[in-house]
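As a plain string of letters, each chain reads:
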Amino acid sequence: MTRDSRIWRWIGFLIAFVGVGFPYWQLAPELAGLPRALYGPGLVAVGVVAMLLRAFGTGRFLPLWLLIATAVPAAVLVRLGLNAFRGMEGPGMAVADVAVGLVLGLATAFIGMLVGSLFLLRSSRRPG
C-alpha cells in the first residue's frame, strides 16, 4: 500500500468513528446529551486522525476533511439506531443531534487538517 492508497482514508475514518463512538455508545441515556457527551478523548482522536492523514499526504484537503468529519455524526446515528432497536425513546431531537455531531466533526477535523497541512508543508520544503 502506498501513501496515496484510498485504504488509509477508510482506516482513518474507522479509527475516528470508533474513537468517538465507543465512549459515546457506552453512556447512560441521561448522560448522552449533546454536545457535552462527545467532548473528550474521542473527539481528540478525530482531530489527531485528520492531522495524521493530512500530514502523511494521503489525500487532498477537502475530501479528507469531509470524510473524517463525518465519523462524528455517523457515531451519533449509530447511537440513535441502537436506542431505537432497544425500544428507548429519545427526546425526539434526532436531526438536531446529528447536526450537532456534524458541526463538532467539521470543526475538530478542520483543526486537525490545518495542523497536518502545516506538517505536510514543512516536510515538502527542501533545505536550501
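On a predicted model such as this, the values are computed, not experimentally measured, just so you know.

What about the confidence of the model for the protein chain?
Then comes step 1: This prediction gives the protein chain a mean pLDDT of 89; 90% of its residues lie at or above 70.
Then comes step 2: Mean pLDDT values for the elements of the protein chain range from 92 in helix α4 (residues 71-86) up to 96 in helix α3 (residues 61-69).

Regarding the packing of aromatic side chains
The description of an aromatic ring pair uses the distance of the two centres, along with the angle that the planes make with each other.
Then comes step 1: Throughout the structure, instances matching the rule amount to 6 aromatic pairs.
Then comes step 2: Plain terms: the ring middles of F17 and W25 are 5.3 Å apart, the flat faces sit at 65° to each other, and that makes the pair edge-to-face.
Then comes step 3: Judged by its relative accessible area of 16%, F17 is buried.
Then comes step 4: Geometrically, the ring pair formed by F61 and W65 is tilted, given 6.4 Å between the ring centres and 45° between the ring planes. With a gap of 4 residues between them, F61 and W65 both fall in helix α3, about one helical turn apart.

Describing the packing of helix α1 (residues 6-26) against α3
Then comes step 1: Between α1 and α3, the least distance of the axes is 9 Å, while the angle of their chain directions is 30°. Put simply, α1 runs roughly parallel to α3. Note that α1 runs across α3; the crossing there is right-handed. Of the residues in α3, those in contact with R9, W10, G12, F13 and A16 of α1 are L64, L67 and I68.
Then comes step 2: In terms of residue class, the contact of α1 with α3 is built from 6 nonpolar, 1 polar and 1 charged.

Cut-offs used in this document
Residues numbered from 1 in each chain as written. Predicted model: local features only at pLDDT ≥ 70, side-chain atom pairs only at ≥ 80, totals over all residues. Heavy atoms only, no water. pLDDT = per-residue confidence, 0-100. Helix = DSSP H or I, 4+ residues; strand = E, 2+ residues; numbered from the N terminus. Phe/Tyr/Trp six-rings, centres within 6.5 Å; stacked < 30°, edge-to-face > 60°. Buried < 20%, exposed > 50% of the residue type's maximum accessible area, 1.4 Å probe, protein only. Axes fitted to C-alpha atoms, helices over the stretch in contact; angles between N-to-C directions. Parallel < 35°, antiparallel > 145°, perpendicular 65-115°, else oblique. Left-handed = near helix turned anticlockwise from the far one by under 90°. Contact = heavy atoms within 4.5 Å. Nonpolar A, V, L, I, M, F, W, Y, C, P; charged D, E, K, R; others polar.

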